[in-house]
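The chain contents come next:
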Amino acid sequence: MNKPDLQLPEHIHPLADNELFTFACHSAVPCFTECCRDLELALSPYDVLRLGRELDITSQEFLDRYAIIEREEDDVFPRVYLGMVDDGQANCPFVTSKGCQVYGGRPAPCRTYPLGRGAWQDKTGCPQAFYVVQRETHCRGFAEPIEQGVDQWIAAQELADYYQANDMLMPLQHHQKLKQGCKPTAEQQDLYLATLYNLENFRNTDRNFQELTDLALLHCAVDWLIQQFFDERGTL
Ligand code: SF4
Ligand code: SF4
């Protein structure tokens, strides 16, 4: 797959390699926490694992308490979103006047902002990515005189594991058979959720998984699902 040719809205600016952007977010910006509401915040399997751990609950408990699972007709796999609070402002359940209550486990979109990341697989199947900066008018962080590049931002926000985890999903989510029009059954969609969004449970299915790192476990989970869905005996 080649880099997608996107028509971007005016406030979204693609970042060239090594290009710097000026931005900082901290408790003294006048808009502090104002962006933590009314969000369509999609959660990846790794986001759910880290958020559950930060809250000291299992992934399943996290899904039950905080997530909204959407199954749209046109989607190949279900989508998981963080549910906003029904308080008239649609606040994130984790925002407080002092900031993010789950800062150490905040999901990748919160870490990435004000950047955006688009990822794809090149002809050899290697993940590639491009980055944009989203200059939204309500965000006063752009007035802060701190300059950095994408690599610095990724390091400062501890995003490397999140991106690696998300890129691991591509061989499943962009599998050739899906591109040819195959669609997972409702049971397969359930298996997708139960496997990727409940990694503690998947770890317990095999003694060999016990010592694996989270990322290695996720890799095994993706491989296992690919086998289940696309092997010669599979129904897809
Ligand atoms: S998880 Fe934290 S950073 Fe993200 S929207 Fe909620 S309060 Fe804000
Ligand atoms: S709007 Fe921008 S500067 Fe303000 S809190 Fe959100 S990310 Fe930080």
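A brief structural summary. (Residues numbered from 1 in each chain as written. Chains lettered and ligands numbered in written order. Predicted model: local features only at pLDDT ≥ 70, side-chain atom pairs only at ≥ 80, totals over all residues. Heavy atoms only, no water.)

A word on the sheet that holds strand E8 (residues 127-134). The strands making up a sheet associate through backbone hydrogen bonding, with each pair oriented either parallel or antiparallel. Ordered in space as E1-E8-E7, the 3 strands form an open sheet in which the pairing is antiparallel. With partners counted over all chains shown, the strands left at the sheet margins are strand E1 (12-14) and strand E7 (115-121), one partner each. Taking the axes of each pair of neighbouring strands and ignoring which way they run, one obtains an average angle of 30 degrees across the sheet. One ladder, built from 3 bridges, connects E1 with E8; its direction is antiparallel. In the sheet register, Pro-14 faces E8, and the bridge partner there is Val-132. (Pairing = 2+ DSSP bridges. Helix = DSSP H or I, 4+ residues; strand = E, 2+ residues; numbered from the N terminus. Axes fitted to C-alpha atoms, helices over the stretch in contact; angles between N-to-C directions.)

Let us look at the nonpolar core. The nonpolar side chains of a soluble globular protein tend to be buried, and buried together. Residues Leu-43, Phe-62, Leu-172, Tyr-192, Leu-196, Tyr-197 and Leu-218 are the most contacted members of the largest nonpolar core, which totals 53 residues. The contacts of Phe-62, once residues within four sequence positions are left out, are Leu-43, Val-48, Leu-51, Gly-52, Leu-55, Ile-57, Ala-67, Leu-82 and Phe-94. (Core = buried A, V, L, I, M, F, W, Y, C linked by side-chain atoms within 4.5 Å. Buried < 20%, exposed > 50% of the residue type's maximum accessible area, 1.4 Å probe, protein only. Contact = heavy atoms within 4.5 Å.)

Turning to its location among the elements, Phe-229 is positioned in helix H10 (residues 214-230). For the pair formed by Phe-229 and Leu-49, sequence separation is 180 residues and the distance between their alpha carbons is 23 Å.

Let us look at the side chain of Arg-106. Mapped onto the secondary structure, Arg-106 falls in the loop between strand E6 (99-100) and helix H3 (108-112). Salt bridges are absent for the buried Arg-106, whose nearest opposite-charge side chain, Glu-158, sits at 6.2 Å. With residues up to four places along the chain from it excluded, the contact list for Arg-106 reads Leu-51, Cys-100, Arg-111, Gln-157 and Tyr-162. (Lys, Arg positive; Asp, Glu negative; His and termini not counted. Salt bridge = Lys/Arg side-chain N within 4 Å of Asp/Glu carboxyl O.)

If you walk through the whole model with that rule in mind, you get 5 salt bridges. Linked by salt bridges that have partners in common, Arg-53, Arg-203 and Asp-214 make up one network.

To continue, consider the packing of aromatic side chains. The relation between two aromatic rings is expressed through the spacing of the ring centres and the mutual angle of the planes. Under the criterion given, the structure shown has 15 aromatic pairs. With 5.2 Å between their ring centres and 40 degrees between their planes, Phe-62 and Tyr-66 make a pair best called tilted. Residue Phe-62 and its partner Tyr-66 are both found in helix H2 (residues 59-66); the two are separated by 4 residues, about one turn of the helix. The class of Phe-62 is buried, set by a relative accessible area of 0%. Judged by centre distance (4.8 Å) and plane angle (55 degrees), the ring pair of Tyr-66 and Phe-94 falls under tilted. Separated by 28 residues along the polypeptide, Tyr-66 in helix H2 and Phe-94 in the loop between strand E4 (79-82) and strand E5 (95-96) bring together distant segments of the chain. Relative accessible area serves as the criterion here: at 3%, Phe-94 is assigned to the buried category. Linked through ring pairs, Phe-77, Tyr-192, Tyr-197, Phe-229 and Phe-230 together constitute an aromatic cluster. (Phe/Tyr/Trp six-rings, centres within 6.5 Å; stacked < 30°, edge-to-face > 60°.)

Close contacts around ligand 2 come from Cys-25, Val-29, Cys-31, Phe-32, Thr-33, Cys-35, Tyr-113, His-138, Cys-139 and Gly-141, and that covers them all. In terms of residue class, the shell around ligand 2 is built from 7 nonpolar, 3 polar and no charged. (Near = heavy atom within 4 Å. Nonpolar A, V, L, I, M, F, W, Y, C, P; charged D, E, K, R; others polar.)

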